[in-house]
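Coordinates in review
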Amino acid sequence: MTISNYIEELIYRVLAGDASEEERCELEAWVRESEEHRVFFHKVERAWYTGKYAVRWKNVEMSSAWKAVEHKRESHRRRRLLRVGWSVAAAVVLVVGLAWMFLPSGEEKMPVAMVQAPVGKPGESKALLVLSSGERVALGGEQADTIRENGQSILREKDYIDYSREKGDGVTETVYNELIVPVGGEYRLLLADGTVVYMNSESCLKYPVRFIGSERLVELEGEAYFEVERDEERPFVVRTSRLDVTVLGTGFNVMAYKKDARTEVTLVNGKVDVTSGKISEVLTPNRQFVMNNESGEYEVRTVDADAYAAWKKGTLNFDAMPLEELGDKLARWYGVSFFFSNERLKQLKFSGAFRKYNDMDYILSLIEATTDVTFKINGNAIIVNEK
């Protein structure tokens, strides 16, 4: 199969996060055209994520396969540098080199398969809305309509609900709703003030149907990304069981699962004030507040904030994450459970990234390829063993 230079470049732009929405749709349509296209895309995608993030490939440029590919692609690479830019072009050469190494015969050769039974599927847009009356409304699917709540209209779409269509003039009583996103779910919420909230799996947000008073207060358990509508007269406050995050208008991620070892607040843009008891820390972009949930100790560190918020755009990022914690995150999205054959394996670290809509067996094959573990699958139970 011959792949045009344009399609190759389009794939790299999408994987690098530099493609427009129109380009992403174009690539998705191309992948759906045939099984050959799908296989080719997954080959390059696997090489991209493994090569970009895994330490085991740090010396790939020294291999004979690299040199052969580099020589073959040199003239095309130079032309692409002018069109795409140096950073993407370097990634292109790395990906092609890795794909060549993985697939010398031109056929897809996945890492050794360990899947023995069907395993959990990726999550989808679904949630449960609890109205002030206690009525529960299932969200998701293809249905689009209007929900009535205390005289106000809530627009319900496939993957979001919207409270911002009405001004709410004359409302004097604070009425609360609750959005519950289960394991294997995600959902989006437009609050009455125009703030956008991206809810991750196994999360719950309590919020007013209309904001009344001097502040806009919501309560979160789990993980959510907030794009807050600026209002200098009414600060926006996200309250968790351990801390408050106060903002005027900004983009930030809060991870506050009660059973996790820590609570994190990561600032993408703007400025926020994180408070807990006597603690008060003002964050600037690419700074992260991390609190130990058991001891109450905390630190503020510099991070790539976009990586921590990438889940809302369909990517799961892991940077030297212990496998036990990684398993918890995958469990929330795929509805599976991880069991470790010995305690040492829980602390092994993995660095990598996946598209969150890939099948679980595909993701496990990438983890197997770059860590000292194998997986045995029984239904939705995943046993982690040492190689």
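Reading guide: rules and limits
- Residues numbered from 1 in each chain as written.
- Predicted model: local features only at pLDDT ≥ 70, side-chain atom pairs only at ≥ 80, totals over all residues.
- Heavy atoms only, no water.
- Core = buried A, V, L, I, M, F, W, Y, C linked by side-chain atoms within 4.5 Å.
- Buried < 20%, exposed > 50% of the residue type's maximum accessible area, 1.4 Å probe, protein only.
- Contact = heavy atoms within 4.5 Å.
- Pairing = 2+ DSSP bridges.
- Helix = DSSP H or I, 4+ residues; strand = E, 2+ residues; numbered from the N terminus.
- Axes fitted to C-alpha atoms, helices over the stretch in contact; angles between N-to-C directions.
- Expected span 1.5 Å × (residues − 1).
- Arc of directions from axis to C-beta.
- pLDDT = per-residue confidence, 0-100.

- Going by what an unreviewed UniProt entry lists, the protein chain is known as DUF4974 domain-containing protein and is assigned to Butyricimonas hominis.

**Digging into the nonpolar core**
- Counting 43 residues, the largest nonpolar core has Leu129, Ile161, Leu179, Tyr207, Phe226 and Phe252 as its most contacted members.
- When near neighbours in sequence (up to four residues on either side) are disregarded, leucine 129 contacts Glu135, Arg136, Val137, Leu139, Ile147, Ile161, Tyr163, Asn177, Glu178, Leu179 and Tyr207.

**Here we look at the sheet that holds strand S20 (residues 337-340)**
- Read from one edge to the other, the open sheet built from three strands follows the order S20-S23-S22, with strand pairing classed as mixed. Lying at the two open borders of the sheet, with one neighbouring strand each, are S20 and strand S22 (373-378). Across this sheet, the average inter-strand angle for adjacent strands is 25°, counted without regard to direction.
- Packed onto the sheet, helix H7 (residues 323-334) meets S20 and S22 and runs at close to 160° relative to S20.

**Overview of unusual backbone geometry**
- In this structure, asparagine 286 takes a positive phi of about 65° despite not being glycine.
- Looking at the secondary structure, you find asparagine 286 in the loop between strand S16 (279-283) and strand S17 (287-292).
- Classification of asparagine 286 by relative accessible area gives partly exposed; the value is 33%.
- For alanine 320, which is not glycine, the phi torsion reads 50° and is therefore positive.
- Note on placement: alanine 320 falls in strand S19 (residues 315-322).
- Overall, the relative accessible area of 35% leaves alanine 320 in the partly exposed class.

**Comments concerning helix H2 (residues 21-32)**
- The end-to-end C-alpha distance of H2 is 17 Å, a good match for the 16 Å that 12 residues give at a rise of 1.5 Å each.
- All buried positions along H2 are accounted for by Glu23, Leu27, Trp30 and Val31. Within H2, the buried residues cover an arc of 100° as seen down the axis, which keeps them to one side. Those residues of H2 that are exposed and aimed more than 90 degrees away from the buried face are Glu22 and Arg32.

**Focus: the confidence of the model for the protein chain**
- Of all residues in the protein chain, 79% attain a pLDDT of 70 or more, and the chain-wide mean is 81.
- A low-confidence stretch, residues 53-117 (pLDDT under 50), is modelled with 91 contacts involving residues beyond four sequence positions or located in other chains.

**So, the pairing of strand S13 (residues 251-256)**
- Of all six residues that make up S13, six are buried, and the element is covered over most of its length.
- Neither face of S13 is exposed, since Gly251, Asn253 and Met255 on one face and Phe252, Val254 and Ala256 on the opposite face are all buried.
- As judged from the six bridges shared by strand S10 (residues 216-227) and S13, these two strands associate in the antiparallel manner. Counted as the bridge partner of alanine 224 is valine 254 from S13.

**Some points on the pairing of strand S15 (residues 272-276)**
- Of the two faces of S15, the one lined by Val272, Val274 and Ser276 is fully buried and the one lined by Asp273 and Thr275 carries no buried residue.
- As judged from the four bridges shared by strand S12 (residues 244-247) and S15, these two strands associate in the antiparallel manner. In the sheet register, aspartate 244 faces S15, and the bridge partner there is threonine 275.
- As paired strands, S15 and S16 are joined by five bridges and run antiparallel to one another. Residue pairing across strands places serine 276 opposite isoleucine 279, the latter belonging to S16.
- Adjacent in sequence and paired antiparallel, S15 and S16 are bridged by two residues, among which glycine 277 carries a positive phi angle near 60°.

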